[in-house]
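Each chain, letter by letter, is given below.
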Amino acid sequence: RVGDRHGEARALLALGGVAGNAGDIDRGSAFYAESLEVCREAGDLRGVATVLVNLGVLTYARGDRAGAHRLFGEAIDLHRQTGDRVTLALALGNRSALSVQLGFHEAARAELTEALQLSLELDAVWGGTSAIATVGMLALVRGDFASAAWMLAAATSCIEKSGLRLPGGQRHEMNQMM
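Residues numbered from 1 in each chain as written. Predicted model: local features only at pLDDT ≥ 70, side-chain atom pairs only at ≥ 80, totals over all residues. Heavy atoms only, no water.

## What to know about the overall build of the chain
Within the chain, the regular secondary structure consists of nine helices and zero strands. Reading the chain from its N terminus to its C terminus gives the helix and strand order α-α-α-α-α-α-α-α-α. Put simply, the chain has 178 residues, and 41% of those count as buried. Once local pairs closer than 6 in sequence are excluded, the contacts in the chain between residues at least 24 apart make up 49%. (Helix = DSSP H or I, 4+ residues; strand = E, 2+ residues; numbered from the N terminus. Buried < 20%, exposed > 50% of the residue type's maximum accessible area, 1.4 Å probe, protein only. Contact = heavy atoms within 4.5 Å.)

Structure below.
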């Protein structure tokens, strides 16, 4: 529909995802940047948060962990403002993994604690499982191999029992860590 700015933002977001998944990070980022602009103009905070997360993923793929961490943080702030607790739990879990990689262990612990609390309140299996896996990664970084193995095994078990499917690469990575 002509003049449908929300539809335009969603279409640009989809095009960014297609380009990013095809490995064209620059083109995907350009579509996301355009979608972000439209969402901001329209005052669509949830849309802005969604685009920031997707832009963060491509920023991470480009090798800019600090930039991705910042973008995820901005998205988390917006999820808090909009009250979107489901997406907030997932975003906290994702950001915590980056916090571990960047050596921000106390921040990762706080993000994971909040992500787990929200996931339990919401009965959100994937968010809780993601947080458990990240706790396992944090234990691994700290050299607590027994706890890391237990947490990663628990996350894998949750995934299998829930019927959720991990993408092949992620499942392989979890199995390699255990």
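Alright, that's what it looks like, and here's the rest.
## A word on the pattern of salt bridges
Scanning all chains against the criterion turns up eight salt bridges. As a salt-bridge pair, glutamate 74 and arginine 40 come within 4.0 Å of each other at their nearest N and O atoms. With glutamate 74 in helix H4 (residues 65-82) and arginine 40 in helix H2 (residues 25-42), the pair connects residues that are 34 residues apart, well separated along the chain. Using a relative accessible area of 28% as the deciding quantity, one classes glutamate 74 as partly exposed. Classification of arginine 40 by relative accessible area gives partly exposed; the value is 48%. (Salt bridge = Lys/Arg side-chain N within 4 Å of Asp/Glu carboxyl O.)

## Notes on the side chain of aspartate 84
Along the chain, aspartate 84 turns up in the loop between H4 and helix H5 (85-101). One polar contact links aspartate 84 to threonine 87, side chain to side chain, over a distance of 2.9 Å. (Polar contact = N/O pair within 3.5 Å; in protein donor to acceptor, adjacent residues only side chain to side chain.)

## Observations concerning the environment of alanine 139
Tracing the chain through its elements places alanine 139 in helix H7 (residues 125-141). Put simply, alanine 139 and valine 100 are 39 residues apart on the chain and 9.7 Å apart in space, counted from C-alpha to C-alpha. Apart from residues no more than four positions distant in its own chain, alanine 139 is found in contact with Asp144, Ser147 and Ala148.

## Focus: the nonpolar core
A general trend in soluble globular proteins is that nonpolar side chains are found buried together. Ranked by internal contacts, the top residues of the largest apolar core, which has 21 residues, are Leu36, Val48 and Leu52. Tallying contributions element by element places helix H3 (residues 45-61) first for this core, with seven residues. Ile76, Ala91, Leu92 and Leu118 belong to the second largest nonpolar core, which has seven residues in total. (Core = buried A, V, L, I, M, F, W, Y, C linked by side-chain atoms within 4.5 Å.)

## Overview of helix H1 (residues 5-21)
Compared with the 24 Å implied by 1.5 Å per residue over 17 residues, the 24 Å span of H1 between its first and last C-alpha is a close match. Listing the buried residues of H1 in full gives Ala9, Leu12, Gly16, Gly17, Ala19 and Gly20. Summarising the axial view, the buried residues of H1 lie within an arc of 165 degrees, below the 170-degree limit, and thus occupy one face. The outward face of H1, more than 90 degrees from its buried face, is lined by the exposed residues Arg10, Val18 and Asn21. At the N-terminal end of H1, a side-chain oxygen is found 3.4 Å from the backbone nitrogen of histidine 6, two or three residues along, and the residue is aspartate 4. (Expected span 1.5 Å × (residues − 1). Arc of directions from axis to C-beta.)

## Points about the confidence of the model for the chain
Looking at the chain, pLDDT values average 81 and 80% of them are 70 or higher. Predicted confidence is poor over residues 167-178, with pLDDT under 50, and the contacts of this stretch with residues over four places away or in other chains come to 17 contacts. (pLDDT = per-residue confidence, 0-100.)

## Side note on helix H6 (residues 105-122)
Along an α-helix, residues three or four apart share an orientation, since each turn contains 3.6 residues. Over its 18 residues, H6 extends 25 Å from the first C-alpha to the last, a length consistent with the 26 Å expected when each residue adds 1.5 Å. Looking at H6, one finds that the buried residues are His105, Ala108, Glu111, Leu112, Ala115, Leu118 and Ser119. In a view along the axis of H6, the buried residues occupy a sector of 150 degrees, so they form one face of it. Among the exposed residues of H6, those oriented more than 90 degrees off its buried face are Glu106, Leu120 and Glu121. Taken from the residues just after H6, aspartate 123 is the one with a positive phi, measuring 55 degrees.

## So, the packing of H3 against H4
H4 packs onto H3 with a crossing angle of 165 degrees between their chain directions and a minimal axis gap of 8 Å. Taken together, the axes of H3 and H4 are roughly antiparallel relative to one another. When the axes of H3 and H4 are compared, the crossing they make is left-handed. Of the residues in H4, those touching H3 at Leu45, Arg46, Val48, Ala49, Leu52, Val53, Leu55, Gly56, Val57, Thr59 and Tyr60 are Arg65, Gly67, Ala68, Leu71, Phe72, Glu74, Ala75, Leu78, His79, Gln81 and Thr82. Of the residues contributing to the contact of H3 with H4, the split by class is 13 nonpolar, six polar and three charged. (Axes fitted to C-alpha atoms, helices over the stretch in contact; angles between N-to-C directions. Parallel < 35°, antiparallel > 145°, perpendicular 65-115°, else oblique. Left-handed = near helix turned anticlockwise from the far one by under 90°. Nonpolar A, V, L, I, M, F, W, Y, C, P; charged D, E, K, R; others polar.)

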